[in-house]
Amino acid sequence: MQTKMITRTAMLLALTLVFQIGFRQFAQPVVGPLVNMMLLISVLLVGLPSALMIGILTPMIAFVAGIIGVFPLIPMIIAGNMLYILAFGWVRTKLSFKFKDYVSVLLAAVVKFLFLYAAVRTILPLMIVEVKPPVIATFSLPQLYTALIGGVLALIVYNMLPFRKEVER
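Rules behind the numbers
- Residues numbered from 1 in each chain as written.
- Predicted model: local features only at pLDDT ≥ 70, side-chain atom pairs only at ≥ 80, totals over all residues.
- Heavy atoms only, no water.
- Axes fitted to C-alpha atoms, helices over the stretch in contact; angles between N-to-C directions.
- Helix = DSSP H or I, 4+ residues; strand = E, 2+ residues; numbered from the N terminus.
- Parallel < 35°, antiparallel > 145°, perpendicular 65-115°, else oblique.
- Left-handed = near helix turned anticlockwise from the far one by under 90°.
- Contact = heavy atoms within 4.5 Å.
- Nonpolar A, V, L, I, M, F, W, Y, C, P; charged D, E, K, R; others polar.
- Expected span 1.5 Å × (residues − 1).
- Buried < 20%, exposed > 50% of the residue type's maximum accessible area, 1.4 Å probe, protein only.
- Arc of directions from axis to C-beta.
- Salt bridge = Lys/Arg side-chain N within 4 Å of Asp/Glu carboxyl O.
- Phe/Tyr/Trp six-rings, centres within 6.5 Å; stacked < 30°, edge-to-face > 60°.
- Lys NZ or Arg CZ within 6 Å of the ring centre and 35° of its normal.

Please explain the packing of helix α5 (residues 100-122) against helix α8 (residues 141-160) as it appears in this structure.
The description of two helices packed together rests on the angle between their axes and the distance between the axes. Remark: α5 packs on α8, axes separated minimally by 8 Å, with the N-to-C direction vectors making an angle of 155°. Our classification of the angle between α5 and α8 gives roughly antiparallel. When you trace α5 past α8, the crossing you get is right-handed. Of α8, the residues touching α5 (which contributes Asp-101, Tyr-102, Val-105, Leu-106, Ala-109, Val-110, Lys-112, Phe-113 and Leu-116) are Leu-141, Gln-143, Leu-144, Ala-147, Leu-148, Gly-151, Val-152 and Leu-155. Along the lines of polarity and charge, the residues of the contact of α5 with α8 split into 13 nonpolar, two polar and two charged.

It is not clear to me how α8 should be interpreted in this structure. Could you clarify?
An α-helix turns once per 3.6 residues; consequently, residues spaced three or four apart project the same way. Spanning 20 residues, α8 covers 29 Å between terminal C-alpha atoms, matching the ideal 28 Å at 1.5 Å per step. Considered for burial, the residues of α8 that qualify are Gln-143, Leu-144, Thr-146, Ala-147, Gly-150, Gly-151, Ala-154, Leu-155 and Tyr-158. Taken around the axis of α8, the buried residues stretch over an arc of 165°, which confines them to a single face.

Would you mind showing me how to read the pattern of salt bridges here?
Applying the stated rule across the entire model yields one salt bridge. Here Arg-92 makes a salt bridge to Asp-101, at a shortest N to O gap of 2.7 Å. Owing to a relative accessible area of 17%, Asp-101 belongs among the buried residues under this scheme.

Got a minute to help me understand the packing of aromatic side chains in this structure?
Any two aromatic rings considered together are summarised by their centre-to-centre distance and by the angle between their planes. The full count for this structure, using the stated rule, is two aromatic pairs. Where Phe-63 meets Phe-71, the ring centres are 5.2 Å apart and the plane angle is 65°; that geometry is what we call edge-to-face. The class of Phe-71 is exposed, set by a relative accessible area of 52%. Here the aromatic rings of Phe-113 and Tyr-117 are separated by 5.5 Å at their centres, their planes lie at 45°, and the arrangement is tilted. One end of the pair is Phe-113 and the other is Tyr-117, both in helix α5 and four residues apart, which spans about a single turn. Accessibility expressed as a relative area gives 13% for Phe-113, which makes it buried. For Tyr-117, a relative accessible area of 36% corresponds to the partly exposed category. The ring of Tyr-117 carries Arg-121 above its face, with NZ or CZ at 3.7 Å from the centroid.

The structure is reproduced here in structure tokens:
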């Protein structure tokens, strides 16, 4: 079972990197939802620890690949990913009604958005001299949209997977 979990985690990380690096010419409106989708699919398929690992590694790899150009953003993106993953996983386990997954996506997206929105306005200015308007704009409402769209896509894709019942056991 351990080998299967490690293999699935590696495959999910690889697919997330394909979206992140291979689709970078499409920028945030496309890449953001795809990465967020993969983070939540990872929660559903391999659990919180593996999903957290993917959420930590992807911003670091994006920096090395030149996708993220401002190093102080990395810890904030990692924290935002972790909050998104943890909020989704936690809320999903606490609710017991039909649309719990969609409510979990909504709350997780709001948590991620609020954290990144606040961080880029309070923490980032402490780390660098000037926060440029495009950075502020990127870490504002687009974060909420990409997290919501990615979360809904994750639920749609997950529910289409033929082996999801095996994972749910």
